[in-house]
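Spelled out from the first residue to the last, the chains are:
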Amino acid sequence: MKDLTDKKYTIEDYAKEKRLPLIFLKDLGVADTKYNNVAIPYYNIEKSMIFTKFRNNPSCKNRFYYKKGAETVLYGLWKLKDFTKDYIVIVEGESDAQTLWFKGIQAIGVPRSNKL
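Residues numbered from 1 in each chain as written. Predicted model: local features only at pLDDT ≥ 70, side-chain atom pairs only at ≥ 80, totals over all residues. Heavy atoms only, no water.

## Focus: the pairing of strand E2 (residues 38-43)
And then number 1: Here E2 lies mainly inside the structure; six of its six residues are buried.
And then number 2: Side-chain alternation along E2 places Val 38, Ile 40 and Tyr 42 on one buried face and Ala 39, Pro 41 and Tyr 43 on a second face that is also buried.
And then number 3: Pairing between strand E1 (residues 31-32) and E2: two bridges, direction antiparallel. Paired with Ala 31 across the two strands is Ala 39, which belongs to E2.
And then number 4: Adjacent in sequence and paired antiparallel, E1 and E2 are bridged by five residues, among which Asn 36 carries a positive phi angle near 65 degrees.
And then number 5: Turn length for the E2-strand E3 (residues 49-55) hairpin, with the two strands adjacent in sequence and antiparallel, is five residues, and the turn residue Lys 47 shows positive phi of about 65 degrees. (Buried < 20%, exposed > 50% of the residue type's maximum accessible area, 1.4 Å probe, protein only. Helix = DSSP H or I, 4+ residues; strand = E, 2+ residues; numbered from the N terminus. Pairing = 2+ DSSP bridges.)

## Here's the deal with the side chain of Arg 63
And then number 1: You can see Arg 63 is positioned in the loop between E3 and strand E4 (64-66).
And then number 2: Within the local environment of Arg 63, its side chain forms a polar contact with the side chain of Glu 17, the two groups lying 2.9 Å apart. (Polar contact = N/O pair within 3.5 Å; in protein donor to acceptor, adjacent residues only side chain to side chain.)

## Overview of unusual backbone geometry
The phi torsion of most residues other than glycine is negative, and most of the peptide bonds are trans.
And then number 1: Positioned with a positive phi, Asn 36 is a non-glycine residue whose angle comes to about 65 degrees.
And then number 2: Looking at the element boundaries, Asn 36 is found in the loop between E1 and E2.
And then number 3: Judged by relative accessible area, which is 22%, Asn 36 ranks as partly exposed.
And then number 4: For Lys 47, which is not glycine, the phi dihedral falls at a positive 65 degrees.
And then number 5: For Lys 47, a relative accessible area of 41% puts it in the partly exposed group.

## Description of the sheet that holds E2
And then number 1: Spatial strand order, E1-E2-E3-E4: four strands in an open sheet with antiparallel pairing. Of all the strands in the sheet, just E1 and E4 have a single pairing partner and so form its edges.
And then number 2: Note that E2 and E3 share six bridges and pair antiparallel. Each residue of the ladder has a partner; that of Ile 40, found in E3, is Lys 53.

## What to know about the confidence of the model for the protein chain
And then number 1: Considering every residue of the protein chain, the mean pLDDT works out to 88; 88% of them sit at 70 or more.
And then number 2: Per-element averaging of pLDDT across the protein chain places helix H1 (residues 2-5) at the bottom with 52 and helix H3 (residues 22-27) at the top with 97. (pLDDT = per-residue confidence, 0-100.)

## Focus: the packing of aromatic side chains
And then number 1: With the rule as written, the count across this model stands at eight aromatic pairs.
And then number 2: For the ring pair Phe 24 and Phe 102, a centre distance of 5.2 Å and an interplane angle of 65 degrees mean the geometry is edge-to-face. Taken as a pair, Phe 24 in helix H3 and Phe 102 in helix H4 (residues 94-102) lie far apart in primary sequence, 78 residues in all.
And then number 3: By relative accessible area, which is 18% here, Phe 24 ends up buried.
And then number 4: Since its relative accessible area comes to 43%, Phe 102 is described here as partly exposed.
And then number 5: An angle of 40 degrees between the planes, with centres 5.8 Å apart, marks the rings of Phe 54 and Tyr 65 as tilted. Taken together, the residues span a long stretch of sequence, with Phe 54 in strand E3 and Tyr 65 in strand E4 at a distance of eleven residues.
And then number 6: Through a chain of ring-to-ring contacts, three or more aromatic side chains come together here, namely Tyr 42, Tyr 43, Phe 51, Tyr 75, Trp 78 and Trp 101. (Phe/Tyr/Trp six-rings, centres within 6.5 Å; stacked < 30°, edge-to-face > 60°.)

Laid out in structure tokens, this is it:
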């Protein structure tokens, strides 16, 4: 854990890096953790928590952290019921989905897709 706690990364840092408003990210459940990283919650269609992905400081060796046993699921499943148009944009990861949502575009993120 030393690598994480020595290199603080906050939701403010994440908002600046992704050029998204802090309040928007907080409304999505993104939050700081006691380990000096950012937690990104994953919810199912009913908006029950599935798991949390942790995003560390960009200079950390391990940029992302998942709890052991976490399965890869689509990011944004809880938003499906609110989609009104006849399309969904599929993107790589949470921040791409968040950016499109902020711009009013329906999207689902595929985490770890760069590992597939």
